[in-house]
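Inside the fold
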Amino acid sequence: KKQRRLSFRKSLYRKCSSSRNPPSKLCIMAADPLPAFVCPITDDVMRDPVIAADGLTYERDAIERWLEGHDTSPRTGAV
């Protein structure tokens, strides 16, 4: 997934930077998403974010899979 995301960023950067106009906000945001929008488990932009008991936000599927095999927070290690 990470490689696919990097490839997407590179192609988007080329597309946005090849334009004669200044890059749009969409180009800038898509090329470098804010950390608050990135799931700490998948390292991808969240599409279905949820707040877990540790107070952090995760992609729903990722945190559900994590909790099937763990009883701790993936970030803090808290129980």
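To be clear, the structure that these remarks concern was listed above.
Now for a description of the structure that goes with this document. Just so it is clear, the structure is predicted and the values come from calculations on it, not from any experiment.

Considerations on the overall build of the chain
Within the chain, the secondary structure is distributed over three helices and two strands. Each helix and strand of the chain, ordered N terminal to C terminal, gives the series α-α-β-β-α. The buried share among the 79 residues of the chain stands at 19%. Here the analysis covers contacts within the chain between residues at least 6 apart in sequence; of these, 12% occur between residues at least 24 apart. With an accessible surface of roughly 6300 Å², the chain has 57% of that area assigned to carbon and sulfur atoms.

A look at the pattern of salt bridges
Summed over all chains, the structure comprises one salt bridge. Between R60 and D48 there is a salt bridge, with its nearest N and O atoms 2.8 Å apart. Of this pair, R60 sits in helix α3 (residues 60-69) while D48 sits in the loop between α2 (25-31) and β1 (49-51); the two residues are 12 residues apart in sequence, bridging distant segments of the chain. Take R60: its relative accessible area is 33%, and that puts it in the partly exposed class. For D48, a relative accessible area of 32% puts it in the partly exposed group.

So, the side chain of S73
With respect to the helices, strands and loops of the structure, S73 is situated in the segment after α3. Within the structure, the side chain of S73 is placed 2.5 Å from the side chain of D54, a separation counted as a polar contact.

Notes on the nonpolar core
Core analysis: the biggest nonpolar cluster contains six residues, these being C39, M46, V50, Y58, A62 and I63. Contact partners of A62, with chain neighbours within four places excluded, come to C39, I41 and T42.

Regarding the environment of Y58
Along the chain, the position of Y58 falls in strand β2 (residues 57-59). Considered as a pair, Y58 and F37 are 21 residues apart in the sequence and their alpha carbons are 9.0 Å apart. Each residue touching Y58, except ones within four places of it in the same chain, is listed here: C39, P40, I41, M46, D48, P49, V50, A52, I63, S73, P74 and R75.

What counts as what
- Residues numbered from 1 in each chain as written.
- Predicted model: local features only at pLDDT ≥ 70, side-chain atom pairs only at ≥ 80, totals over all residues.
- Heavy atoms only, no water.
- Helix = DSSP H or I, 4+ residues; strand = E, 2+ residues; numbered from the N terminus.
- Buried < 20%, exposed > 50% of the residue type's maximum accessible area, 1.4 Å probe, protein only.
- Contact = heavy atoms within 4.5 Å.
- Areas by Shrake-Rupley, 256 points an atom, 1.4 Å probe, with all protein chains shown as cover.
- Salt bridge = Lys/Arg side-chain N within 4 Å of Asp/Glu carboxyl O.
- Polar contact = N/O pair within 3.5 Å; in protein donor to acceptor, adjacent residues only side chain to side chain.
- Core = buried A, V, L, I, M, F, W, Y, C linked by side-chain atoms within 4.5 Å.

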